[in-house]
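Now for the letters of each chain:
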Amino acid sequence: LTANAAQYGDIYQPHVDADPLTLPPSPWTDIYGRYRNRSRGKPRFMSCLVYIGNWNTDWGAPTRIWDNNKTIDIAPIPGRVVLMDQDVKHSVIAPEREAGKQPRYSLVWKLIFHPTVDNQDIKKSMEQHLQCDQAKTITE
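These numbers were taken from a predicted model, which means no experiment stands behind them.

**Things to note about the pairing of strand E4 (residues 70-74)**
(1) Moving on: Across 5 bridges, the pairing between strand E3 (residues 63-67) and E4 is antiparallel. Bridge pairing in E4 places Thr63 opposite Ile74.
(2) Moving on: With antiparallel pairing between neighbouring strands as the criterion, E3 and E4 make up a hairpin whose turn holds 2 residues, including Asn68 at a positive phi of roughly 55 degrees.

**Things to note about the sheet that holds strand E1 (residues 2-6)**
Strands pair in a sheet through their backbones, by hydrogen bonds, and they do so in one of two ways: parallel or antiparallel.
(1) Moving on: One open sheet holds the 4 strands; their spatial order is E1-E7-E2-E5, and the pairing between them is antiparallel. Of all strands in the sheet, those bounded by a partner on one side alone are E1 and strand E5 (81-85). Across the sheet, the mean angle from the axis of one strand to that of its neighbour is 25 degrees, orientation sign disregarded.
(2) Moving on: By the bridge criterion, 5 bridges tie strand E2 (residues 44-52) to E5 in an arrangement that is antiparallel. Within E5, the residue paired with Cys48 across the bridge is Leu83.

**Brief notes about the side chain of Thr63**
(1) Moving on: If you trace the backbone, Thr63 turns up in strand E3.
(2) Moving on: Not counting residues up to four positions away in its chain, the partners in contact with Thr63 are Leu49, Tyr51, Ile72, Asp73, Ile74, His90, Ser91 and Arg104.

**A short note on the pattern of salt bridges**
(1) Moving on: Scanning the model with the defined rule gives 6 salt bridges in all.
(2) Moving on: A salt bridge links Asp121 to Arg40; the nearest nitrogen and oxygen atoms lie 3.6 Å apart. Here Arg40 lies in the loop between helix H1 (27-32) and E2 and Asp121 lies in the loop between strand E7 (104-113) and helix H2 (122-139), a separation of 81 residues in the sequence.
(3) Moving on: A residue is classified by how much of its surface remains accessible, and Asp121, at 24% relative accessible area, is partly exposed.
(4) Moving on: Arg40 sits in the partly exposed class, given a relative accessible area of 48%.

Rules used throughout
Residues numbered from 1 in each chain as written. Predicted model: local features only at pLDDT ≥ 70, side-chain atom pairs only at ≥ 80, totals over all residues. Heavy atoms only, no water. Pairing = 2+ DSSP bridges. Helix = DSSP H or I, 4+ residues; strand = E, 2+ residues; numbered from the N terminus. Axes fitted to C-alpha atoms, helices over the stretch in contact; angles between N-to-C directions. Contact = heavy atoms within 4.5 Å. Salt bridge = Lys/Arg side-chain N within 4 Å of Asp/Glu carboxyl O. Buried < 20%, exposed > 50% of the residue type's maximum accessible area, 1.4 Å probe, protein only.

Right, here's the structure in full:
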């Protein structure tokens, strides 16, 4: 678990949380090797980001994601949950001056999803599960 408290004037660098392709030698790589995240049958590295606290979205401070040649800004709405692959390049954008000394808080859980069957496509399994949960929410 990691906690963030972005404030006006802070400078953040784009980064990835983890990439199983670039891990240093370790017991993990002895067992699983190095591989591209989202590979069938391999553990998937993901981050779960939760925005917390009292925050006015007019103060900015989105999470910026770089996806090929475009950027995506995710507004830090308190209670919002973002689930993303850990090898996605991203950064906090510092809050606007209007935020004063009020930090923009978030918590980040670093997760690893292990396949339950040989050659499982975890992305497809997660999408099916999320669609099922969304259908339950809509019909309840």
